[in-house]
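Coordinate analysis (summary)
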Amino acid sequence: MKRILTIQDLSCLGKCSLTVALPIVSAMGIEAAILPTSLLSNHTAFEEFTFLDLTGELEKIHSSWVNQDFTFDGIYTGYLGSASLIEISKKFIETFGKGEGKLTLVDPAMGDYGKLYTGFDKNYAKAMAAFCSEADVIVPNSTEAAFMLGEEWKQEYTKEQTQELLKKLCDLGPSISVLTGVSLSENRLGVMSYDRNKDEFFTYDSEKLPRMFHGTGDIFASSLYGALILGKTIEDALKIAVDYTWESIKITIDTPNHIWYGVHFEEAIPKLLSLTYGA
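Residues numbered from 1 in each chain as written. Predicted model: local features only at pLDDT ≥ 70, side-chain atom pairs only at ≥ 80, totals over all residues. Heavy atoms only, no water.

Along the backbone of the protein there are 9 helices and 11 strands. Relative to its length of 279 residues, the protein is compact, with a C-alpha radius of gyration of 17 Å against a globular reference of 19 Å. Taken along the three principal axes of its C-alpha coordinates, the protein extends 55 × 40 × 40 Å. Evaluated residue by residue, the protein yields a buried proportion of 49% over its 279 residues. Relative to all contacts within the protein whose residues are 6 or more apart in sequence, the contacts with residues 24 or more apart total 67%. If you sum the accessible surface of the protein, you get close to 12,700 Å²; carbon and sulfur atoms cover 50% of it. (Helix = DSSP H or I, 4+ residues; strand = E, 2+ residues; numbered from the N terminus. Rg over C-alpha atoms; globule rule 2.2 N^0.38 Å. Buried < 20%, exposed > 50% of the residue type's maximum accessible area, 1.4 Å probe, protein only. Contact = heavy atoms within 4.5 Å. Areas by Shrake-Rupley, 256 points an atom, 1.4 Å probe, with all protein chains shown as cover.)

Here it is as structure tokens:
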């Protein structure tokens, strides 16, 4: 069984980050070790939240794991929360994430709709851009891409502009860049990727649903990473991640009195397994 490490925050309430990554990766038949970067009372889309930075504890964990010679098949990072947490995450990747056959995926997880999340600024975006050099694959949305590249965000991007963004993102260091939230035609929403080694683009989308929910990026990144760790090509992995995320949102929308702060990804796990294993 493959064993991966996912590094991101733990929000006690609200479906995102570790509470999404752990069950999805585990359901795909992969052992998921977790490294909480911070502890939040609830995710940041709520009006109020508490935040405890765990940087000091992570240093102790790193030393303990080195002493015990633990190994991982790859590392997946999501919402980190501070420059110091970016630095300690980099230390974990350099120690445990390098080597033949290992795969590191970075989800910048710091903004959307042209704005950075609460608590982040341009310096954090710059630090995240540098952190992307540690990754094999990165999965920003257009807001995160613009901030990391120091460019003005556009509400709409043409196909050519999207391709140019993806090439610039690969210049940060990763072999593959994936841009989420790509809409190249009316009522369609999906992703576009660029493989620098092959100099190839790939686009995949689905019907645009009428609601947006917090945490869908985590669902996408977690299922994408799981599929890649299982040996899927980037094209097949993107199809799995897009279709599973779409199904999760659709189930949520169809559920009476659904809660705005989370998507019912749990109910769509049979769909994920079908997409992954053909069962």
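Let's shift gears to the pattern of salt bridges. Enumeration over the complete set of coordinates arrives at 8 salt bridges. Lys60 serves as the salt-bridge partner of Glu57, at 3.8 Å between the closest nitrogen and oxygen. With a gap of 3 residues between them, Glu57 and Lys60 both fall in helix α2 (residues 55–68), about one helical turn apart. By relative accessible area, which is 55% here, Lys60 ends up exposed. (Salt bridge = Lys/Arg side-chain N within 4 Å of Asp/Glu carboxyl O.)

So, on to the sheet that holds strand β5 (residues 103–106). Read from one edge to the other, the open sheet built from 9 strands follows the order β3-β2-β1-β4-β5-β8-β9-β10-β11, with strand pairing classed as mixed. Both outer strands of the open sheet, β3 (51–53) and β11 (200–207), are each paired with one neighbouring strand and no more. In terms of strand pairing, strand β8 (residues 137–138) meets strand β9 (residues 176–182) through 2 bridges, oriented parallel. Residue pairing across strands places Ile138 opposite Ser177, the latter belonging to β9. (Pairing = 2+ DSSP bridges.)

Another point: the environment of Glu31. Tracing the backbone shows Glu31 in strand β2 (residues 31–40). Judged by relative accessible area, Glu31 falls into the partly exposed class, the value being 35%. Those residues in contact with Glu31 that sit more than four places away from it in its chain are Met1, Lys2, Arg3 and Ile4. Engagement of the side chain of Glu31 in a polar contact is seen with the side chain of Arg3, the distance being 3.2 Å. (Polar contact = N/O pair within 3.5 Å; in protein donor to acceptor, adjacent residues only side chain to side chain.)

All of the buried residues along helix α4 (residues 122–131) are Tyr124, Ala125, Met128, Ala129 and Phe131. Down the axis of α4, the smallest arc covering the buried residues is 155°, so these residues share one side. When the buried face of α4 is taken as reference, the exposed residues oriented beyond 90 degrees from it are Lys122, Asn123 and Lys126. On its buried face, α4 sits against β4 (74–77), α3 (83–96), β5 and α5 (142–149). Its side-chain oxygen 3.1 Å from the backbone nitrogen of Asn123, Asp121 forms the N-cap of α4. (Arc of directions from axis to C-beta.)

Next up on the list: the packing of α2 against α3. Close contact between α2 and α3 brings their axes to 10 Å; oriented N to C, the two are set at 10°. Taken as axis vectors, α2 and α3 run roughly parallel relative to one another. Contacts from Thr55, Leu58, Glu59, Ile61, His62, Trp65 and Val66 of α2 reach α3 at Ser84, Leu85, Ile88, Lys91, Phe92, Thr95 and Phe96. Grouping the amino acids of the contact of α2 with α3 by side-chain chemistry returns 8 nonpolar, 4 polar and 2 charged. (Axes fitted to C-alpha atoms, helices over the stretch in contact; angles between N-to-C directions. Parallel < 35°, antiparallel > 145°, perpendicular 65-115°, else oblique. Nonpolar A, V, L, I, M, F, W, Y, C, P; charged D, E, K, R; others polar.)

So, on to the packing of aromatic side chains. Within this structure, the stated rule accounts for 13 aromatic pairs. Each ring, one from Trp65 and one from Phe70, has its centre 6.3 Å from the other, and the planes form 65°; the classification is edge-to-face. Centre to centre, the rings of Phe72 and Phe96 are 5.7 Å apart; their planes meet at 85°, and the pair counts as edge-to-face. Of this pair, Phe72 sits in the loop between α2 and β4 while Phe96 sits in helix α3, and the two are 24 residues apart along the sequence. (Phe/Tyr/Trp six-rings, centres within 6.5 Å; stacked < 30°, edge-to-face > 60°.)

For a regular strand, the rule is simple: side chains alternate between the two faces of the sheet. Pairing of strand β10 (residues 188–195) with β11, which is carried by 8 bridges, proceeds in the antiparallel orientation. Among the inter-strand pairings, Leu189 is bridged to a residue of β11, identified as Ser206. Hairpin connection from β10 to β11: 4 residues lie between these consecutive antiparallel strands, with Asp199 at a positive phi of about 55°.

A rise of 1.5 Å per residue sets the reference length of α3, with its 14 residues, at 20 Å; its end C-alpha atoms lie 20 Å apart and thus fit the reference within 8%. All of the buried residues in α3 are Leu85, Ile86, Ile88, Ser89, Phe92, Ile93 and Phe96. (Expected span 1.5 Å × (residues − 1).)

For the coordinates displayed, the defined rule picks out 0 disulfides. Distance from the sulfur of Cys16, which forms no disulfide, to the nearest cysteine sulfur (Cys12) is 10 Å. Here Cys170 is not cross-linked by a disulfide; its sulfur's nearest cysteine counterpart is in Cys132, at 10 Å. Classification of Cys170 by relative accessible area gives buried; the value is 0%. (Disulfide = S-S within 2.5 Å.)

That is the geometry; function is a separate question.
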